[in-house]
Amino acid sequence: PGGFVAETEAYLRCRGFKTVLDLGAGKGRGSLWLAARGYKVTALDISPSALAHIRRQNPEIETVCGDIAGFDGGRRRYDWVLADLSLHYWDDAKTRAIVAEIYKTLNPGGCFSVACKSVSDFEYGQGTEVGPDIFEHGHVRHFFRLEYLRELLQSFEIATGRRKRWPSNRDKKTAAGRFAACLGG
């Protein structure tokens with residue numbers, strides 16, 4: 001998978017985590033990699049075909065078809081909730097509601113790790129501004145400031161956080177904030 005999932009897993013490995021919820025799993029690159037390392041993974045995505053791809057690759061991964069915007073963890077609890085570039089498609093109110101639900105979904109001592117587009121990204125400012133740091137250009141994308149992300153995660157203990165740049169398909173720099181935010185347990 002991308003470096004974010006591997007880096008976070010290396011950081012969390014010693015915690016003895018067993019269950020992972022991968023929000024916006026797509027075709028399961030992170031989910032499949034984590035399952036191969038022994039985690040019990042639940043992959044949530046809006047695309048039935050992406051989830052079918054995951055099931056074909058590893059039928060042990062639980063797949064849930066749904067929109068993160070309507071995410072309701074119910075009674076399920078996870079050691080780790082992963083959002084790898086999947087949390088930046090909503091306005092502030094919806095983003096806060098999703099993060100509040102993630103908080104309720106974590107086991108005591110659990111961890112929420114998030115990588116999201118930052119205001120330093122080459123796509124920042126493209127399209128029509130529909131809110132603070134939110135632009136519509138084919139789809140809505142919310143670009144996060146480090147301060148915003150820290151404030152958004154104030155209910156968590158931020159274990160690690162940094163900005164990262166890496167080459168994109170367009171030979172430009174993609175910038176993302178990466179955080180592992182853990183609950184006290």
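Residues numbered from 1 in each chain as written. Predicted model: local features only at pLDDT ≥ 70, side-chain atom pairs only at ≥ 80, totals over all residues. Heavy atoms only, no water.

Participant: Explain the packing of aromatic side chains to me, please; I cannot follow it from the model alone.
Facilitator: Two descriptors summarise a pair of aromatic rings, namely the distance from one centre to the other and the angle between the planes of the rings. Scanning the entire structure with this criterion turns up eight aromatic pairs. Between Y39 and W80, the ring centres sit 6.0 Å apart and the planes meet at 75 degrees, which makes this aromatic pair edge-to-face. Highlighted residues: Y39 in the loop between α2 (29–36) and β2 (40–45) and W80 in strand β4 (residues 78–84), separated in sequence by 41 residues. Like W80, Y39 is buried. Measuring from ring centre to ring centre gives 6.1 Å for F135 and F143, while their planes differ by 65 degrees; the resulting arrangement is edge-to-face. On the basis of relative accessibility, which here comes to 6%, the residue F135 falls in the buried class. (Phe/Tyr/Trp six-rings, centres within 6.5 Å; stacked < 30°, edge-to-face > 60°. Helix = DSSP H or I, 4+ residues; strand = E, 2+ residues; numbered from the N terminus. Buried < 20%, exposed > 50% of the residue type's maximum accessible area, 1.4 Å probe, protein only.)

Participant: Looking at this model, I keep getting lost on unusual backbone geometry. Mind explaining?
Facilitator: Even without a glycine there, the phi angle at L85 is positive, about 60 degrees. Topologically, L85 is positioned in the loop between β4 and α4 (92–105). For L85, a relative accessible area of 26% translates into the label partly exposed. For D133, which is not a glycine, the phi torsion comes out positive at approximately 60 degrees. With respect to the element layout, D133 can be found in the loop between β6 (128–131) and β7 (134–136). Here D133 falls in the buried class, since its relative accessible area comes to 12%.

Participant: Which parts of the structure should I look at to understand α4?
Facilitator: An α-helical turn contains 3.6 residues, so any two residues separated by three or four positions project in the same direction. Along its 14 residues, α4 runs 20 Å from first to last C-alpha, staying within 8% of the 20 Å computed at 1.5 Å per residue. With a side-chain oxygen positioned 3.3 Å from the backbone nitrogen of A93, the residue opening α4 is D91. (Expected span 1.5 Å × (residues − 1). Polar contact = N/O pair within 3.5 Å; in protein donor to acceptor, adjacent residues only side chain to side chain.)

Participant: I tried to follow α2 on my own but got confused; where do I start?
Facilitator: Inspection of α2 places G30, S31, W33, L34 and A35 among the buried residues, and these make up the whole buried set. The first or second residue beyond α2 is G38, which carries a positive phi of 95 degrees.

Participant: Would you take a moment to explain the sheet that holds β6 for this structure?
Facilitator: Sheet strands line up and pair through hydrogen bonds in the backbone, either parallel or antiparallel. Taken together, the three strands give an open sheet; going across it, the order is β6-β7-β8, and neighbouring strands pair in antiparallel fashion. Looking at strand neighbours, the two that pair on one side only are β6 and β8 (140–142), the edges of this open sheet. Each neighbouring strand pair of the sheet contributes to a mean axis angle of 35 degrees, computed without reference to strand direction. Bridging between β7 and β8 involves three bridges; their strand directions are antiparallel. For I134, the partnering residue across the bridge sits in β8 and is H142. (Pairing = 2+ DSSP bridges. Axes fitted to C-alpha atoms, helices over the stretch in contact; angles between N-to-C directions.)

Participant: Got a minute to help me understand the pairing of strand β5 (residues 106–117) in this structure?
Facilitator: Two faces belong to every sheet, and in a regular strand the side chains alternate between them. When you tally the buried positions in β5, you get 10 out of 12 residues, the bulk of the element. For β4 and β5, the ladder comprises six bridges, and the chain directions are parallel. Residue pairing for β5: W80 is matched across the bridge by C111. Crossover handedness for the path β4 to α4 to β5: right-handed. (Right-handed = clockwise from strand over helix to strand, strands pointing away.)

Participant: I'm lost on the layout of surface pockets in this one. Help?
Facilitator: Unfilled space is identified by rolling a water-sized probe across the atoms. Considered as a void within the structure, the second largest pocket measures approximately 170 Å³ in volume. What lines the second largest pocket is simply G24, D45, I46, G66, D67, I68, D84, L85, S86, Y89 and W90. Taken together, the residues of the lining of the second largest pocket sort by class into five nonpolar, three polar and three charged. (1 Å grid on protein atoms, 1.4 Å probe; cavity = no way out; pocket = protein on both sides within 12 Å on 5 of 7 lines; lining within 4 Å. Points joined across faces, edges and corners; volume = space filled by probe spheres on them. Nonpolar A, V, L, I, M, F, W, Y, C, P; charged D, E, K, R; others polar.)

Participant: What should I look at first to understand the environment of T128 in this one?
Facilitator: With respect to the secondary-structure elements, T128 resides in strand β6. Remark: the alpha-carbon pair of T128 and V140, spanning 12 residues in sequence, is separated by 9.2 Å. Residues within four places of T128 in sequence aside, it is in contact with I134, F135 and E136. (Contact = heavy atoms within 4.5 Å.)

Coordinates in, geometry out; function isn't part of it.
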